[in-house]
Amino acid sequence: MAAEEAAEAGLSAERLQEAEEEAAENGASSAGGGEAAALKKHLSIQRQLADLEKLADLNEAEKKPCPLCPEEKFKACYGHKLHRHLQNLHWKISVEFEGYRMCICHLPCRVAKPNFVADQAFSKMGAHYHCIICSATITRRTDMIGHINRHVNKGETESRFITAPAPKSSCEVLKEADTDVQVLPNYFTPQKTDSYFNPKMKLNRQLIFCALAVLAEERKPIECLDAFGATGIMGLQWAKHLRSSVRVTINDCNENSVTMIQENCHLNKMKVKVSAKEEDYYEALGDGEENTDTIEVTKMDANVIMHLRSFDFIHLDPFGTSVNYLDSAFRNVRNLGIVSLTSTDISSLYAKAQHVTLRHYGCNIVRTEYYKELAARTVIAAVARSAARCNKGIEVLLAVALEHFVLVVVRVLRGPSPADDSAKKIRYLIHCQWCEERIFQKEGNMVEENPYQQLPCDCHSSMPGRTAVVLGPLWSGALFNTGFLRRMLFEAVQYGLDDVQPLLKTVVCEAECTTSKNFSTHSPSDENKQEECGVYIKTPDMLAESDVVPGKRKNNEVMRNATKRQKTDNSAEHPAFYYNIHRHSIKGMNMPKLNKFLNYLSEAGYRVSRTHFDPMGVRTNAPLAQFKTVLMKHSTPTYAGGQTEGPLQLTEDVQVGDQLQAAADSKAKDDELLEEKKSGDTAAIFAEDCPTHCAAN
């Protein structure tokens with residue numbers, strides 16, 4: 001074994017011979033005795049830096065040599081200097097394995113290539129690492145890491161040295177929404193643990209639970225999948241609260257995570273069905289069994305399980321972008337099912353790494369005041385393209401972009417017609433870099449001579465150079481479904497999810513584009529009768545009504561098609577994007593309170609609401625020029641002087657704007673009078689040239 005590892009590490013002929021002799025000695029000693037086969041670990045293999053410092057006796061006030069360097073390389077020095085040497089040269093570039101650190105060694109343990117000078121052989125001592133498993137010496141750190149990985153892949157993780165067992169890390173039990181989960185000490189750092197658990201994503205988990213609860217009211221039972229389980233907290237909450245309404249499947253490709261999910265299922269008194277690629281078996285609970293629900297735990301790649309099985313509800317929450325799993329998610333999802341995805345690649349979606357956005361989503365974006373909504377529309381555009389490739393359309397039910405994540409929940413509509421309708425809603429956006437006005441490009445493939453004419457602002461005519469950029473492709477449709485959101489709010493109240501209720505109320509007001517004063521709650525019977533995706537979603541109340549009044553299939557299809565045609569006409573979608581009131585404030589002026597400003601815009605005849613994307617954002621259908629005019633009108637100067645309270649008198653810029661508007665109106669009137677005069681002159685000439693009876697006619 002030692003000879004093979006030495007040959008694999010590329011050792012010299014002398015070391016290879018020594019390794020073979022060492023293997024023979026070990027074999028002989030193991031045949032004779034057992035305990036004599038164990039060797040003593042090298043000085044460079046330690047658990048902590050303090051253990052390495054103990055070898056040098058830093059406490060004594062004398063000069064001490066480095067225990068891992070020869071005298072000619074590093075001379076003896078005092079303790080403070082030797083401490084920096086051990087920390088920076090040996091400890092920081094060590095290789096870690098099962099609680100041990102293999103530090104770099106400069107002692108003459110490994111003979112490098114000999115140099116023959118004047119008939120004398122000088123052996124050059126090189127830096128190297130000592131393997132904790134097979135005692136081989138490796139020169140480079142990257143080669144040492146690969147060498148350890150080969151041992152792990154072969155299943156060789158036991159050390160040949162006499163070492164004390166590593167202390168087992170104590171697991172911590174956390175509780176969220178009456179669900180207990182067992183996590184490792186480094187559960188909040190994904191690079192240091194297999195079972196990642198982020199307490200800051202509690203709001204995200206509650207939103208997904210409410211969406212699943214709404215779907216569970218439509219049809220029972222439903223098969224739902226948590227494609228990236230980690231600790232299994234989300235799937236456990238589904239099964240514990242929704243009970244027999246759902247059949248939960250928790251998947252993860254990591255074996256340690258699957259083991260952790262099984263332990264958490266037992267911790268919450270749940271039955272576990274463990275499924276592998278070729279075998280299925282059950283694990284029964286012991287005494288004290290209280291719940292009869294069963295959770296299926298699978299160990300597969302997320303793309304594989306979504307290709308093999310069909311689900312009604314799929315949630316994707318990978319570490320980073322989720323575009324690699326969209327095609328598999330839409331491949332077998334059932335009709336009128338729901339796909340929810342959480343994207344945590346905030347740096348690319350929030351335009352901090354624009355080249356990554358172009359690579360992952362095929363979208364060109366810049367940093368704007370509405371960057372969070374821009375991120376949500378970028379993700380939805382990628383979702384719509386993936387669904388269209390599978391001949392499926394989408395209806396966006398919810399799009400939330402907060403500090404740590406972007407959550408998108410869509411309903412799947414099978415058929416080429418919904419796929420075409422969804423694909424038509426993917427457009428490019430024209431964004432002015434001076435005033436940040438924006439508008440979606442018009443439909444059609446014809447090239448316009450001057451695209452700047454589509455923008456409501458006149459920055460291109462007043463500013464030199466190119467003032468606008470084209471962003472996208474982006475989703476240009478609605479981001480919310482009011483009926484679905486109201487039912488989510490009802491489920492959040494029913495299950496006592498207090499943290500998510502304020503957010504849902506804000507999103508409902510944003511979907512209806514109304515203020516919180518006009519917010520009203522409907523009864524559950526009204527919420528059940530909601531039209532979504534151009535069809536009426538059947539709930540238990542509606543199923544009872546359909547049983548009482550039977551109808552023909554043809555009439556139902558006609559009503560469904562009529563509903564599809566009328567949906568685009570009757571539903572008033574919320575305005576796209578929002579304005580930040582601080583971004584457009586006037587220097588030296590005190591802005592009105594946000595709620596008062598919303599009332600001022602509403603009194604001016606515009607639809608207005610707050611937005612969850614930005615606490616100081618205003619979603620309105622008013623153009624930016626009118627937005628600034630109302631803001632200027634109701635602002636007060638910072639130093640009022642002798643001015644009385646009340647709205648500010650129009651400043652010079654606003655007065656100039658009014659004068660220009662009046663001039664434009666007078667010019668239009670002059671043009672009308674000129675046309676009337678020309679028509680009168682033409683009629684007089686016609687009367688002179690024609691006979692009398694012709695003129696009379």
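Check the entry above for the structure.
Residues numbered from 1 in each chain as written. Predicted model: local features only at pLDDT ≥ 70, side-chain atom pairs only at ≥ 80, totals over all residues. Heavy atoms only, no water.

Participant: Go over the overall build of the chain with me, naming the residues and quoting the values.
Facilitator: Counting its secondary structure elements, the chain contains 24 helices and 28 strands. Within the chain, counting contacts between residues at least 6 apart in sequence, those at least 24 apart form 64% of the total. Accessible surface computed for the chain: about 37,600 Å², of which carbon and sulfur atoms make up 50%. (Helix = DSSP H or I, 4+ residues; strand = E, 2+ residues; numbered from the N terminus. Contact = heavy atoms within 4.5 Å. Areas by Shrake-Rupley, 256 points an atom, 1.4 Å probe, with all protein chains shown as cover.)

Participant: Before we move on, can you summarise the pairing of strand E18 (residues 406-414) with the specific residues and values?
Facilitator: Along any regular strand the residues' side chains alternate between the sheet's two faces. For E18, the tally of buried residues reaches 8 of 9 residues, placing the bulk of the element in the interior. Inspection of the sheet shows strand E16 (residues 338-343) paired to E18 by 6 bridges, in the antiparallel sense. The residue of E18 that forms the bridge with serine 343 is valine 406. Two elements, strand E17 (residues 392-401) and E18, share 9 bridges in a ladder whose sense is antiparallel. Of the residues in E18, the one forming a bridge with valine 396 is valine 410. Hairpin connection, E17 to E18: the antiparallel pair is bridged by 4 residues. (Buried < 20%, exposed > 50% of the residue type's maximum accessible area, 1.4 Å probe, protein only. Pairing = 2+ DSSP bridges.)

Participant: Account for the side chain of arginine 411, with residues named and values stated.
Facilitator: Looking at the secondary structure, you find arginine 411 in strand E18. Relative accessible area serves as the criterion here: at 0%, arginine 411 is assigned to the buried category. In this structure the side chain of arginine 411 is engaged in a polar contact, spanning 3.1 Å, whose partner is the backbone oxygen of leucine 336. (Polar contact = N/O pair within 3.5 Å; in protein donor to acceptor, adjacent residues only side chain to side chain.)

Participant: Give me the lowdown on the pattern of salt bridges, citing residues and values where you can.
Facilitator: Per the stated rule, a full pass over the model turns up 17 salt bridges. With a closest N to O distance of 2.8 Å, glutamate 176 and arginine 205 form a salt bridge. Residue glutamate 176 is found in strand E8 (residues 172-176), and its partner arginine 205 is found in helix H6 (residues 202-218); the two are separated by 29 residues along the sequence. Note on glutamate 176: relative accessible area 9%, which makes it buried. A relative accessible area of 6% means that arginine 205 is categorised as buried. Where aspartate 312 meets arginine 219, a salt bridge forms, and the shortest distance between an N and an O atom there is 3.7 Å. Placement of the pair is aspartate 312 in the loop between helix H9 (302-308) and strand E15 (313-316) and arginine 219 in the loop between H6 and strand E10 (222-226), with a sequence separation of 93 residues. Given a relative accessible area of 6%, aspartate 312 falls into the buried group. (Salt bridge = Lys/Arg side-chain N within 4 Å of Asp/Glu carboxyl O.)

Participant: If you had to explain the side chain of glutamate 437 to someone new, which residues and values would you point to?
Facilitator: Looking at the element boundaries, glutamate 437 is found in the loop between strand E19 (426-432) and strand E20 (438-440). The side chain of glutamate 437 is buried and forms no salt bridge, while arginine 438, the nearest opposite charge, is found at 4.6 Å. At 3.2 Å, the side chain of glutamate 437 and the backbone nitrogen of leucine 624 are in polar contact. Setting aside its immediate chain neighbours within four residues, glutamate 437 contacts Ile430, His431, Cys432, Leu455, Pro456, Cys457, Tyr579, Pro623 and Leu624. (Lys, Arg positive; Asp, Glu negative; His and termini not counted.)

Participant: Let's hear about the sheet that holds strand E1 (residues 45-46): which residues, and what values?
Facilitator: Read from one edge of the open sheet, 3 strands run E1-E3-E2, paired in antiparallel fashion. Of all the strands in the sheet, just E1 and strand E2 (95-97) have a single pairing partner and so form its edges. Strands in contact with helix H5 (residues 141-153) are E2 and strand E3 (100-102); relative to E2, the strand with the most contacts, it is inclined by about 15°. (Axes fitted to C-alpha atoms, helices over the stretch in contact; angles between N-to-C directions.)

Everything listed is a geometric property; what it means functionally is a separate question.
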